[in-house]
Amino acid sequence: MRKLEKEYDIIVIGGGHAGCEASLASARMGARALLITSNLDNIAHMSCNPAIGGLGKSHLVREIDALGGEMAKNIDKTGIQFRMLNTKKGPAVQAPRVQADRRDYRISMRRVLEKEKNLDIKQDLVKEIIVKGKKATGIKTQTGIEYKGKAIILATGTFLRGLILMGKVSFPAGRMGEFPADRLSDSLKKIGLKIERLNTCTPPRIEGKTVNFSKLIKQPGDTPPPPLSFSTKEIKTKQIPCYLAFTNDATHKVIKKNLRDSPLITGEAKGLPPRYCPSIEEKIARFPEKKRHQIFIEPEGRDTTEYYVNGFFTGFSEEIQLEALRTMKGLEKVKIAKPGYAIEYDFVSPTQLKPSLETKRIENLFLAGQINGTSGYEEAASQGLMAGINAVLKIQEEEPFILDRSEAYIGVLIDDLVTKGTKEPYRMFTSRAEYRLILRCDNADQRLIRYGHRFGLISDEDYERCQRKYTQIEEEIKRLKKSRARTTKRVNNLLKKLGTDPIKEDTPLAQILKRPEVRYRDLVKIDDEDERKISSEVAQGVEIALKYEGYIKRELDQVERFKRLEKKKIPSDFDYSRLEGLRIESKEKLSSIRPISIGQASRISGVNPSDISLLLIYLKRREFE
Ligand SMILES: Cc1cc2nc3c(=O)[nH]c(=O)nc-3n(C[C@H](O)[C@H](O)[C@H](O)COP(=O)(O)OP(=O)(O)OC[C@H]3O[C@@H](n4cnc5c(N)ncnc54)[C@H](O)[C@@H]3O)c2cc1C
């Protein structure tokens, strides 16, 4: 075996969304980093939907951005359609979603990686993790090269023993057209990690010139386009529309007739699929009463006529995919450019990880992304960033960086994974977070930028800009609480026009803004003093803070209670077997998960409140011993 001279601080395996963030964070924190991936041309490739953000996911992207990650900046540079979803609902669940130019996104991210001075990028397939004692010390590749690393981050996506299934056909692959990583999966088993199986699927891509767009419903982007990164001032690129199509009786007939062709229905595809992103055949089988399903026809990029058929995820053979697609209005003559397919793959059940994403069994080995049982680019990138930060902190012998459930969706994601594990591909939803009014998309910078700045991932300039923004918000709130609208005819006529009651006495502007019918922009007309220039993001911050003041305060009280339990730490060497009175099931669960706090212990399924009381008493006693 040849040994390369060069040794690295951090080695990241896999150039997907997790690997990109992990390697950038490591290098930007000053570590000498290597990103090794099986195909350099597929760095940051979007295996499925060419879009970033959406419900729950855009919260993660904004948090990545606030911590100094790259995903939001990259999609702002390469997006082709920007939309804000859920605008009719409250601010906690509004979410930007950006349609990407798939190829540009890849190229742009690769350029960022190539420019990073502490980062080397290599193409090779890793086949083994080198472990000495209980520590990961390096890797071996398929071409026979060994690299030494102080910490290793595994971010291999769906590639571990990947198997593609299309109808009755199946073949090994990490993704369509790419090698699977079978030997690496064996290596992980050998070092004692428990591996399980999951599956997912992707829809066909079709040739745009064979679609009759005049029969579809056009879906333009928003004006102005809402960016994902806090540092993007404006999106100037021209937007491209998406289109809406529908399945119908004929589509459902084709699918029902051929259900047994799909490995997702016959059970041939091992492991569970993502429950919230079912294949079209599962949708038709599960909801036979539904007369039609929405199908979004989304452009793959500016320089291609290929379209992604969102909503038509499938494991059918190509013939059946084509037959079903051609039943839809506008797609009567459609041709498939790339067929959809299902894929099953190995993942490492995530309860084997610490909240820092380091494995409990092997020191200095970190795991991030789909390998941990998640699904989605945003979920992967969040974990990549956290694994990158934590791997560097580990080799610097610093405390790990752990976000709790009240600070970030990233905290919710990792806590769910390492505390509860997952049996199906895990994706983020706003409903997974307890403190949704605090964890909003718009305030991710307020919540997290100080950490990004502390780790050197956020520039002084960006940090100061954020500070200025929140100072302005605070000052404006104070002003609105003091300034009053006068009971003039002009003011009351304006209020009437907005559909809200006139005022009978001079009233603080803050009070008026709290009314559901009144927006911040309306105050300008009421407010005699208003000659200041307030940016739209400051205006949004003021509006949310005032309109939801009571609810936010209530949630902050709940967070305080939550924090009290999170602060009660459990020593990492705590011996649960000695704890008298604890049920056997709880002993087993607690010994295997090894929660870091009473709060985390209370979220383990099967551990009940009486177990927690016992644990609290025991820890208290230990304190005085
Ligand atoms: C068919 C399919 C359908 C999907 N459907 C959905 C969906 O509906 N919704 C959704 O949200 N997400 C979906 N996804 C998942 C989404 O693509 C992933 O969650 C996301 O890309 C995971 O990011 P990652 O960084 O963990 O891994 P990936 O993006 O998969 O990247 C892994 C990287 O590791 C590299 N690699 C792997 N093994 C090795 C090795 N041994 N040595 C060197 N390099 C290696 C690969 O080349 C690749 O670059 C789908 C994925 C696939 C393949």
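Treat the numbers as computed from the prediction; the structure is a model and nothing was measured.

Rules used in this analysis
- Residues numbered from 1 in each chain as written.
- Predicted model: local features only at pLDDT ≥ 70, side-chain atom pairs only at ≥ 80, totals over all residues.
- Helix = DSSP H or I, 4+ residues; strand = E, 2+ residues; numbered from the N terminus.
- Buried ≥ 20, exposed ≤ 12 C-beta atoms within 10 Å, placed from the backbone.
- Contact = placed C-beta atoms within 7 Å.
- Domains from an automatic or database assignment.
- Core = buried A, V, L, I, M, F, W, Y, C linked by C-beta atoms within 7 Å.
- Pairing = 2+ DSSP bridges.
- Axes fitted to C-alpha atoms, helices over the stretch in contact; angles between N-to-C directions.
- Near = placed C-beta within 6 Å.
- Parallel < 35°, antiparallel > 145°, perpendicular 65-115°, else oblique.
- Left-handed = near helix turned anticlockwise from the far one by under 90°.
- Nonpolar A, V, L, I, M, F, W, Y, C, P; charged D, E, K, R; others polar.

Points about the overall build of the protein
What the protein contains, in helices and strands, is 21 helices and 22 strands. Across the 625 residues of the protein, 48% fall into the buried class. A separation of at least 24 residues holds for 72% of the contacts in the protein among residues at least 6 apart in sequence.

Details of the domain arrangement of the protein
With domains assigned, the protein is organised as domain 1 (2-78 + 104-198 + 345-454), domain 2 (205-344), domain 3 (472-552) and domain 4 (568-624). One C-alpha centre belongs to domain 1, the other to domain 3; they are set 45 Å apart.

Thoughts on the nonpolar core
Residues Ile-152 and Ile-153 are the most contacted members of the largest nonpolar core, which totals 136 residues. Looking at which element gives the most residues to this core, the answer is helix H10 (residues 377-395), with nine residues. In terms of domain composition, this core takes at least three residues from each of domain 1 (2-78 + 104-198 + 345-454) and domain 2 (205-344). Once residues lying within four places of it in the same chain are set aside, the contact partners of Ile-152 are Ile-11, Ile-13, Ile-129, Ala-136, Ile-139, Asn-364, Leu-365 and Phe-366. Formed by 16 residues, the second largest nonpolar core is a distinct cluster that contains Leu-480, Leu-495, Ala-510 and Val-542.

Some details on the sheet that holds strand E19 (residues 341-348)
In space, the four strands of this open sheet follow the order E11-E10-E19-E12, with antiparallel pairing throughout. Edge strands, defined here as strands with exactly one partner in the open sheet, are strand E11 (169-172) and strand E12 (195-202). Looking at each pair of strands side by side, their axes are set apart by 25° on average, direction ignored. Two elements, strand E10 (residues 163-166) and E11, share four bridges in a ladder whose sense is antiparallel. Within E11, the residue paired with Leu-163 across the bridge is Pro-172.

Re unusual backbone geometry
In this structure, the amide linkage connecting Thr-223 to the following residue, Pro-224, adopts the cis form with an omega of -10°. Of note, the phi angle at Asn-364 is positive, near 70°, even though the residue is not glycine. With respect to the secondary-structure elements, Asn-364 resides in the loop between E19 and strand E20 (365-367). When the 20 C-beta atoms within 10 Å are taken as the criterion, Asn-364 is described as buried.

Describing the site of the ligand
Taken together, 38 residues lie around the ligand, and Gly-14, Gly-16, Gly-157, Gly-369 and Gly-376 are the ones closest in. Secondary-structure elements contributing two or more residues to the shell around the ligand are helix H1 (17-28), strand E2 (33-37), E12 and H10.

Examining the pairing of strand E8 (residues 135-141)
In terms of strand pairing, strand E7 (residues 126-132) meets E8 through six bridges, oriented antiparallel. Bridge pairing in E8 places Ile-130 opposite Gly-138. Taking the residues that link successive antiparallel strands as the turn, the E7-E8 hairpin has two residues, and the phi of Gly-133 there is positive, at about 65°. With three bridges joining them, E8 and strand E9 (residues 145-154) adopt antiparallel strand pairing. Note that in E9 the partner of Ile-139 across the bridge is Tyr-147. The turn linking E8 back onto E9 is made up of three residues, and Gly-144 within it adopts a positive phi angle of 90°.

Overview of the sheet that holds strand E3 (residues 51-53)
Read across the open sheet, the three strands follow the order E3-E5-E4; overall the sheet is antiparallel. The strands lining the two open edges of the sheet, one partner per strand, are E3 and strand E4 (79-85). In this sheet, neighbouring strand axes are inclined to one another by 20° on average, regardless of whether the strands run parallel or antiparallel. Here helix H2 (residues 57-66) sits on the sheet and contacts E3 and strand E5 (95-100); the angle it forms with E3, its principal contact strand, is near 80°.

Observations concerning helix H3 (residues 71-78)
In terms of residue burial, H3 counts as a mostly covered element, since eight of its eight residues are buried. Within the span of H3, buried status applies to Met-71, Ala-72, Lys-73, Asn-74, Ile-75, Asp-76, Lys-77 and Thr-78.

As for the environment of Lys-257
If you trace the backbone, Lys-257 turns up in helix H6 (residues 249-257). Given 12 C-beta atoms within a 10 Å radius, Lys-257 is considered exposed. Taking the C-alpha atoms as reference, Lys-257 lies 48 Å from Lys-122; in sequence the two are 135 residues apart.

Notes on the packing of H1 against H10
One way to put it is that H1 packs onto H10 with a least axis distance of 7 Å and a crossing angle of 30°. Considering their axes alone, H1 and H10 lie roughly parallel with respect to each other. By crossing handedness, the relation of H1 to H10 is classed as right-handed. Here His-17, Ala-18, Gly-19, Cys-20, Glu-21, Ala-22, Ser-23, Ala-25 and Ser-26 of H1 lie close against H10, whose contacting residues are Tyr-377, Ala-380, Ala-381, Gln-383, Gly-384, Leu-385, Ala-387, Gly-388, Ile-389, Ala-391 and Val-392. For the contact of H1 with H10, the per-class residue count stands at twelve nonpolar, seven polar and one charged.

Things to note about the environment of Glu-537
Examined against the element boundaries, Glu-537 turns out to sit in helix H17 (residues 536-547). The class for Glu-537 is partly exposed, based on 14 C-beta atoms found within 10 Å.

Considering the environment of Arg-111
In this fold, Arg-111 is placed in helix H4 (residues 102-115). For Arg-111, a count of 12 C-beta atoms within 10 Å gives the class exposed. Separated by 496 residues in sequence, Arg-111 and Val-607 place their C-alpha atoms 48 Å apart.

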